[in-house]
Amino acid sequence: MSKEFPKNFVWGSATASYQIEGASREGGRAPSIWDAFCDTPGKVEEGHNGDVACDHYHRFEEDVKMMQSLGLKAYRFSIAWPRIQPDGKGEANQQAIDFYNRLIDCLLEHGIEPWVTLYHWDLPLSLQIEHDGWLNKDMVKYFEKYARICFEAFGDRVKNWITLNEPWCSAVLGYGIGAHAPGRVSADEPYIAAHHLLLSHARAYRIYKTEFAHQGGTIGITNNCDFRYPLTDSTEDRAAAERSLEFFLAWFADPVWKGDYPQVMRQRLGERLPQFSPDERKEILGSSDFFGLNHYSTMMASEPKEGQEQVSDIAGNGGMIDDQNVHLSNDPAWQKTHMGWNIVPEGCRDLLKWIDQRYDHPIIYITENGCACDEPDKESALNDVMRKDFYESYLRGSRNAIEQGVDLRGYFAWSLMDNFEWSFGYKRRFGMCYVDYESLERTPKSSALWFAEAIKQNGENI
Ligand code: PNW
């Protein structure tokens, strides 16, 4: 059996605009829903916000040099919509175009391929205030306009596009449990937000494929999903695990690869689940050149026993728990990251196989994978053996999947550097490079040095 990653395997790392850029009031940027969320008491640990973050806006050249020193082949970052269109719908802000042009050119000069996400959660605040954000179908036309501006400005050099990052998070964390901006708590809104996110994705895909076909790039959507193992071998528990994956991933992936929501969701939700019109179905079916996957963890799933309490502290990891009727639990043998997420590398392999089967052997990219480690000081951070082990074991799981026929073409580690971890503020460190939030100095951790060696050997040290 071959023990190799494919020859042109894409080795990269990833970040997102709000988590690293800072300069929140510079260059014509207007507030996003995350600026407002951070200003809302009790929403983000210690009242942290993205005003300065890693100051990447001013330090991107240094960051690109660091990427080059690690030998990264690709860098996935996101564009801040409220920089490009401060009000979310007007003309493009030239200062923002200039900034991303400088970043893209700098990457290319250093031999690093840009992978650009259009939307990684920083919605222009005015779209939320005026239109209720993703609850409003008008978002499709605003996203279309924004996407067109980006393709026009950057598409001569950017050949890999991701429309949305993790719409599950936008819908469930943003509109279901209120852990993310805009902080809505609702049983029905996640399905509506998700519907409009999917339609917006599909519209951007079609615009790219019709108006920008000459640019010759690829474009897809990135979904997040954790894996589920059935708690026992019973038919009920196996069905619960399958249902859990359907409510998590197939909710977003079935429309794109099969043209509609999963049957089980339609059955359980009835009218609460929006419908695609025949035209919309046509627009969304086949609207991704690759399957972007962000994967972090795994849980056990089982048929809830009578009176068994739904575990609420893991709601973020399950989402729409009442609708699914699935009980989630942990195997006590599993080690946990600083997020409390289980470390289960074989879950990565098995999820890749699940996707391969259900969606008929798509091209897959792991667009995020990584872990937060408890790093109370710089010394412990630089010696991040746990993160190195995490990358190594998940990459081994990934290679296993490749050996079993999965068409996995690349892996992006989350994240290039420590950054603003959403509702956890700067209290969780996901970086392969350490950031000193006083001096803003960056230092590669040992996991980064290990990753650099893995890239050099195309994974033969794994
Ligand atoms: C992803 N969950 O978020 C995001 O794409 C990144 O911006 C983020 O920093 C990274 O993973 C680490 O959290 C997620 O509750 C947030 O299952 C929450 C969940 C999954 C992914």
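Please refer to the structure higher up on the page.
Summary of the structure given here. The shown structure was predicted, so the numbers you read here are calculated from the model rather than taken from an experiment.

With respect to topology, three strands assemble into an open sheet ordered β6-β8-β9, the strand pairing being mixed. A single partner strand is all that each edge strand has here, and the edge strands are β6 (227-230) and β9 (327-329). Across the sheet, the axes of successive neighbouring strands diverge by a mean angle of 40°, strand direction being ignored. Bridge count between β6 and strand β8 (residues 298-302): four bridges; the pairing is parallel. Each bridged residue has a counterpart across the sheet, and for P230 the counterpart in β8 is A301. Seen against the sheet, helix α15 (residues 345-358) touches β6 and β8 and runs at an angle of roughly 95° to β6.

What follows is about the nonpolar core. Grouped burial of nonpolar side chains is what soluble globular proteins tend to show. Residues W34 and W251 are the most contacted members of the largest nonpolar core, which totals 139 residues. A per-element tally of this core places helix α9 (residues 189-211) first, with eleven residues. Residues in contact with W34, not counting those within four places in the same chain, are Y18, V44, W121, A179, H180, A181, F420, W422 and S423. If you look at the next biggest cluster of nonpolar residues, it comprises 14 residues, including V10, A14, W115 and F412.

With that settled, consider α9. With 23 residues, α9 extends 33 Å from end C-alpha to end C-alpha; this agrees with the ideal 33 Å at 1.5 Å per step. The buried fraction of α9 is high, at 17 of 23 residues.

Next up on the list: the side chain of S297. With respect to the helices and strands, S297 occurs in the loop between β7 (291-294) and β8. Among the residues examined, S297 registers a relative accessible area of 1% and is labelled buried. Of the polar contacts made by the side chain of S297, one reaches the backbone oxygen of N342; its length is 2.9 Å. Every residue in contact with S297, bar those within four places of it in the chain, is listed here: D226, F227, W341, N342 and Y394.

About the criteria used
- Residues numbered from 1 in each chain as written.
- Predicted model: local features only at pLDDT ≥ 70, side-chain atom pairs only at ≥ 80, totals over all residues.
- Heavy atoms only, no water.
- Pairing = 2+ DSSP bridges.
- Helix = DSSP H or I, 4+ residues; strand = E, 2+ residues; numbered from the N terminus.
- Axes fitted to C-alpha atoms, helices over the stretch in contact; angles between N-to-C directions.
- Contact = heavy atoms within 4.5 Å.
- Core = buried A, V, L, I, M, F, W, Y, C linked by side-chain atoms within 4.5 Å.
- Buried < 20%, exposed > 50% of the residue type's maximum accessible area, 1.4 Å probe, protein only.
- Expected span 1.5 Å × (residues − 1).
- Polar contact = N/O pair within 3.5 Å; in protein donor to acceptor, adjacent residues only side chain to side chain.

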